[in-house]
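Residue-level structural notes
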Amino acid sequence: MTRFADIALTAAAPLIWGSTYIVTTQMLPNLDPLTIAVLRALPAGLLLLLIVRDLPQGRWIGRMLVLGALNFALFWSLLFVAAYRLPGGVAAIMGALQPFIVIFAARVLLGTPIRALSVIAVTIGIGGVALLILTPAARLDMVGVAAGLLGSASMALGTVLSRKWKPPVSTLTFTAWQLTAGGLLLLPFLPLASTDWGTITPTNLMGLAYLGLIGAALTYLIWIRGIARLHPSAVSLLGFLSPFSATVLGWWILNEMLSLPQALGMIIVLASILLGQYALRKAQD
């Protein structure tokens, strides 16, 4: 498969993640974030384990627990804290810092040089995301900001380590191990969740099935495959497509207004991704 095809396939993951907000608000309004996180990760991971019928051994057990924590348990927990304590736009901006962190994490862990054009592309992308989702009424909460920054750092470190710690197994098995580990790490905290399980409806089950099978199992399989075939910085830049997708879906499905700054933000986001991919391709030539 060509590099362009690899990028296009990997881009499908953040585009699908952009639908998470609509699914959660429209289909899971009576469920708390912790319950959603556990039911999103653990069933999907166990299902994939049933398919691959392979478990990590030796040092890979510890590594999968670390990756499961960074990519799922810690990341999702911190993401939800940020989402509850910050306006949606500010929380998304915190998440948009992830590609910036990946550049420096890849330098430390993989020895990848920091290239000025890549930094410029990420900076432009963050500006585009800001135009997409920030409003004049957005206010800061320092706990929320800290959670957003730590969540971005968690996912960024998990992205780089997923490249550094690639086990000698298929991408499907690697995804199954990480999802299961993340779900198991969250499971002990489930009694703290506020969800009344007696209120769960068929609509809830459909929403959870979508988030687990499509929004977790399928997308992280695509994402981890992309990390293995592309540079982590190239993959993380595609994360800008998530708020892009969320904005488009909000306009299309929820009839939300699309302003001129948002339209400009879309163009800037796409331009930053193209610039970042060009910078990395040029560095490899």
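Residues numbered from 1 in each chain as written. Predicted model: local features only at pLDDT ≥ 70, side-chain atom pairs only at ≥ 80, totals over all residues. Heavy atoms only, no water.

Re the overall build of the protein
For the protein, the count of helices and strands is 13 helices and zero strands. Counted from the first residue to the last, the protein has its helices and strands arranged as α-α-α-α-α-α-α-α-α-α-α-α-α. In terms of overall size, the protein behaves like a compact globule, its C-alpha atoms giving a radius of gyration of 18 Å where 285 residues would be expected to give roughly 19 Å. By principal-axis analysis of the C-alpha atoms, the protein measures approximately 50 × 45 × 35 Å. For the protein, contacts bridging at least 24 residues in sequence account for 89% of all contacts bridging at least 6. When the 16 basic and 7 acidic side-chain charges of the protein are each reduced to a single mean position, those positions are 15 Å apart. (Helix = DSSP H or I, 4+ residues; strand = E, 2+ residues; numbered from the N terminus. Rg over C-alpha atoms; globule rule 2.2 N^0.38 Å. Contact = heavy atoms within 4.5 Å. Lys, Arg positive; Asp, Glu negative; His and termini not counted. Charge placed at Lys NZ, Arg CZ, Asp CG, Glu CD.)

Comments concerning the pattern of salt bridges
Evaluated as defined, the whole model comprises two salt bridges. The closest approach of N and O atoms between Arg225 and Asp6, which form a salt bridge, is 2.9 Å. Here Arg225, found in helix H10 (residues 202-229), pairs with Asp6, found in helix H1 (residues 3-17); they are 219 residues apart in sequence, far enough to count as distant. With relative accessibility at 19%, the residue Arg225 sits in the buried group. Assessed through its relative accessible area of 5%, Asp6 is described here as buried. With a shortest N-O distance of 3.0 Å, Arg229 and Asp6 are connected by a salt bridge. Remark: Asp6 occurs in helix H1 and Arg229 occurs in helix H10; sequence separation between them is 223 residues. Look at Arg229 and you get partly exposed, because its relative accessible area is 43%. (Salt bridge = Lys/Arg side-chain N within 4 Å of Asp/Glu carboxyl O. Buried < 20%, exposed > 50% of the residue type's maximum accessible area, 1.4 Å probe, protein only.)

A look at a nonpolar patch on the surface
Taken together, the side chains of Leu47, Leu50, Ile51, Leu213, Ile214 and Leu218 present a nonpolar region at the surface, about 510 Å² in accessible area. Elements that contribute at least two residues to the nonpolar patch include exactly helix H3 (33-52) and H10. Among the secondary structure elements, Leu50 is positioned in helix H3. Of the residues examined, Leu50 reaches a relative accessible area of 57% and is grouped as exposed. (Patch = residues over 30% accessible without salt bridge, like charges linked within 9 Å, V, L, I, M, F, W, Y side chains within 5 Å. Areas by Shrake-Rupley, 256 points an atom, 1.4 Å probe, with all protein chains shown as cover.)

Topic: the side chain of Ser245
For Ser245, the location among the structural elements is in helix H12 (residues 241-253). Owing to a relative accessible area of 8%, Ser245 belongs among the buried residues under this scheme. Within the local environment of Ser245, its side chain forms a polar contact with the backbone oxygen of Leu15, the two atoms lying 2.7 Å apart. Discounting residues that sit within four places of it in the chain, Ser245 has contacts with Pro14, Leu15, Gly18 and Ser19. (Polar contact = N/O pair within 3.5 Å; in protein donor to acceptor, adjacent residues only side chain to side chain.)

With respect to the packing of aromatic side chains
Under the defined criterion, the tally for this structure stands at six aromatic pairs. With a centroid separation of 5.0 Å and an interplanar angle of 40°, the aromatic rings of Trp17 and Tyr220 are classed as tilted. With Trp17 in helix H1 and Tyr220 in helix H10, this pair connects stretches of sequence that are 203 residues apart. Relative to Tyr220, the ring of Trp76 has its centre 6.3 Å away and its plane inclined at 70°; by these criteria the two rings are edge-to-face. Placement of the pair is Trp76 in helix H4 (residues 59-85) and Tyr220 in helix H10, with a sequence separation of 144 residues. Relative accessible area serves as the criterion here: at 3%, Trp76 is assigned to the buried category. Owing to a relative accessible area of 4%, Tyr220 belongs among the buried residues under this scheme. Aromatic ring contacts, followed pair by pair, group Trp17, Phe72, Trp76, Tyr220 and Trp223 into a single cluster. Here Arg63 stacks its cationic end above the ring of Trp60, 5.0 Å away from the centre of that ring. (Phe/Tyr/Trp six-rings, centres within 6.5 Å; stacked < 30°, edge-to-face > 60°. Lys NZ or Arg CZ within 6 Å of the ring centre and 35° of its normal.)

Describing the nonpolar core
Counting residues in each nonpolar core, the largest one holds 55 residues, and the members touching the most others are Trp76, Leu179, Tyr220, Trp223, Leu238, Phe240 and Val269. Those residues within four positions of Trp76 in sequence are excluded, and the remaining contacts are Ala37, Arg40, Ala41 and Tyr220. (Core = buried A, V, L, I, M, F, W, Y, C linked by side-chain atoms within 4.5 Å.)

Overview of empty space enclosed by the protein
The method is simple in principle: a probe with the dimensions of a water molecule rolls over the atoms, and the space it marks as empty is what remains. By the definition in use, this model includes two cavities of 30 Å³ or more. Approximately 40 Å³ is the volume attributed to the second largest cavity. Surrounding the second largest cavity, Asn71, Phe72, Met155, Thr159, Ser162, Gln178, Tyr220, Trp223, Ile224 and Ile227 form its lining. Counting residues per element, the ones that place at least two in the lining of the second largest cavity are H4, helix H8 (142-164) and H10. With four residues, H10 is the single largest residue contributor to the lining of the second largest cavity. (1 Å grid on protein atoms, 1.4 Å probe; cavity = no way out; pocket = protein on both sides within 12 Å on 5 of 7 lines; lining within 4 Å. Points joined across faces, edges and corners; volume = space filled by probe spheres on them.)

Observations regarding the layout of surface pockets
In this model, the second largest pocket occupies a volume close to 250 Å³. Lining the second largest pocket, in full, are Phe4, Ile7, Ala8, Ala11, Leu238, Leu241, Leu270, Ile273, Leu274, Gln277 and Tyr278. Of all the secondary-structure elements, those providing two or more residues to the lining of the second largest pocket are H1 and helix H13 (260-284). With five residues, the top contributor of residues to the lining of the second largest pocket is H13.

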